[in-house]
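Chains, contacts and geometry: an overview
As a plain string of letters, each chain reads:
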Amino acid sequence: LPQRPHIPLHSRRSSVKMLNILRKGANTFIVKLLLFFIALSFMVWGVGDYVNNQSQEPVAEARNWAIGPREFAIAYDHEFQRMRQRFGGALDKKTADVLGLKHKTLNAMINRNLILAKSHDLRLTVSTATLRDNIAATPVFQKDSQFDAERYALVLRNNQMAPKDYEQKLKSDLIATQIQQILS
């Protein structure tokens, strides 16, 4: 059996004395308050790092485009709401995860960006007249089967989207449709 090292008796007494002082001090209000603030600072620091890192790094990127976390979150939420309507409101986040909705949304966004990058290489564009005709033909923007500018503004405002942003997205959608038709 290995021998235990010899510790002088006076050293053991001072260790026991020091431990007793620490035990008594640990129950004071000041020590508890100090520990609370230390734990709180670590929590704030950790959460801050998580939030900041999440908002800066792209979810996916290539040489001339990137999908940011906010853009992905908006697209995922839109797709989740669309699927939820399709399932009659019975879809929850857990089921959406099992169905791979995040993965499918990201793949769709990547494919769209690849198509748009190719359309840019091919210099495809959408004319103002085509854009205007598509907006006017959208049923949600119509009143009595006619385009209604007030309804257009209201629908976009309710969806927290500026007309310029919607029109840019629609242009991209129309170009992507052109590319898909060319490839089909």
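Below is a short write-up of the structure. Note on numbering: residues in each chain are counted from 1, in written sequence order. In keeping with the model being predicted, local features are shown solely for residues with a pLDDT of at least 70 and side-chain atom pairs are shown and tallied solely at 80 or more, while totals for entire chains, interfaces and linings include all residues. Side-chain numbers here rest on the full set of heavy atoms in the structure, without hydrogens or water.

**Description of helix 7 (residues 149-158)**
To keep it simple, the criterion reads: Burial classes: relative accessible area under 20% of the type maximum marks a residue as buried, over 50% as exposed, and values in between as partly exposed (1.4 Å probe, protein chains only). Where helices and strands are cited, they refer to DSSP runs of H or I of at least four residues and of E of at least two residues respectively, numbered from the N terminus. Read the arc as the range of directions from the helix axis to the C-beta atoms. Here a residue-residue contact requires only that any non-hydrogen atoms of the pair lie within 4.5 Å. We define a polar contact as two N or O atoms separated by no more than 3.5 Å, with the added condition that, inside protein, one atom must be a possible hydrogen donor and the other a possible acceptor, whereas residues neighbouring each other in sequence contribute only through side-chain atom pairs.
Those residues of helix 7 that sit buried are Tyr152, Val155 and Leu156. Buried residues along helix 7 cover an arc of 95° about the axis, so they all sit on one side. In helix 7, the exposed positions angled more than 90 degrees off the buried face are occupied by Glu150, Arg157 and Asn158. Along its buried surface, helix 7 packs onto helix 6 (128-137), strand 4 (146-147) and helix 8 (163-183). A distance of 3.3 Å separates the backbone nitrogen of glutamate 150 from a side-chain oxygen at the start of helix 7, and that oxygen is part of aspartate 148. Glutamine 160 lies just past helix 7 and shows a positive phi near 50°.

**What about the environment of tyrosine 76?**
Position of tyrosine 76 among the secondary structure elements: in helix 3 (residues 69-86). Judged by relative accessible area, which is 7%, tyrosine 76 ranks as buried. Residues tyrosine 76 and methionine 109 lie 33 residues apart in sequence; the distance between their C-alpha atoms is 9.8 Å. Apart from residues lying up to four places away in sequence, tyrosine 76 is in contact with Lys93, Ala96, Asp97, Leu101, Lys102 and Thr105.

**Structural notes on the packing of aromatic side chains**
We describe a pair of aromatic rings using the distance from one ring centre to the other and the angle between the two ring planes. What counts, and what does not: Stacked, tilted and edge-to-face are the three classes applied to pairs of Phe, Tyr and Trp rings, where Trp contributes its six-membered ring and a pair requires centres within 6.5 Å; stacked means planes under 30 degrees apart, edge-to-face means over 60, and tilted covers the rest. Two conditions define a charge located above a ring, namely a distance within 6 Å from the ring centre to NZ of Lys or CZ of Arg, and an angle within 35 degrees of the ring normal.
This structure, assessed with the given rule, holds 6 aromatic pairs. For the pair phenylalanine 72 and tyrosine 76, a centre-to-centre distance of 6.3 Å together with 25° between the ring planes defines the contact as stacked. In this pair, phenylalanine 72 and tyrosine 76 are both assigned in helix 3, 4 residues apart and thus about one turn of the helix distant. In this pair, the class of phenylalanine 72 matches that of tyrosine 76, namely buried. Taking the centre distance of 5.5 Å and the plane angle of 85° together, the rings of phenylalanine 141 and tyrosine 166 count as edge-to-face. You can see phenylalanine 141 sitting in the loop between helix 6 and strand 3 (142-143) and its partner tyrosine 166 sitting in helix 8, a full 25 residues away along the chain. Residue phenylalanine 141 is classed as buried on the basis of its relative accessible area, which comes to 2%. In this structure tyrosine 166 comes out as buried when scored by relative accessible area, which is 16%. Feature note: the residues Phe141, Phe147, Tyr152 and Tyr166 constitute an aromatic cluster, connected by ring pairs. Taking the ring centre of phenylalanine 80 as reference, the NZ or CZ of lysine 93 above it sits at 4.3 Å. One Lys or Arg, lysine 102, reaches over the ring of tyrosine 76 and ends 5.7 Å from the middle of that ring.

**Structural notes on the pattern of salt bridges**
Our working rule: Any carboxyl oxygen of Asp or Glu that lies within 4 Å of a side-chain nitrogen of Lys or Arg is treated as forming a salt bridge with it.
Within this structure, the stated rule accounts for 3 salt bridges. Note that aspartate 173 is salt-bridged to arginine 112, the shortest N-O span being 2.4 Å. Of the two residues, aspartate 173 is situated in helix 8 and arginine 112 in helix 5 (residues 101-121); the sequence distance between them amounts to 61 residues. With relative accessibility at 26%, the residue aspartate 173 sits in the partly exposed group. In this structure, lysine 169 engages aspartate 173 in a salt bridge whose closest nitrogen and oxygen atoms are separated by 3.2 Å.

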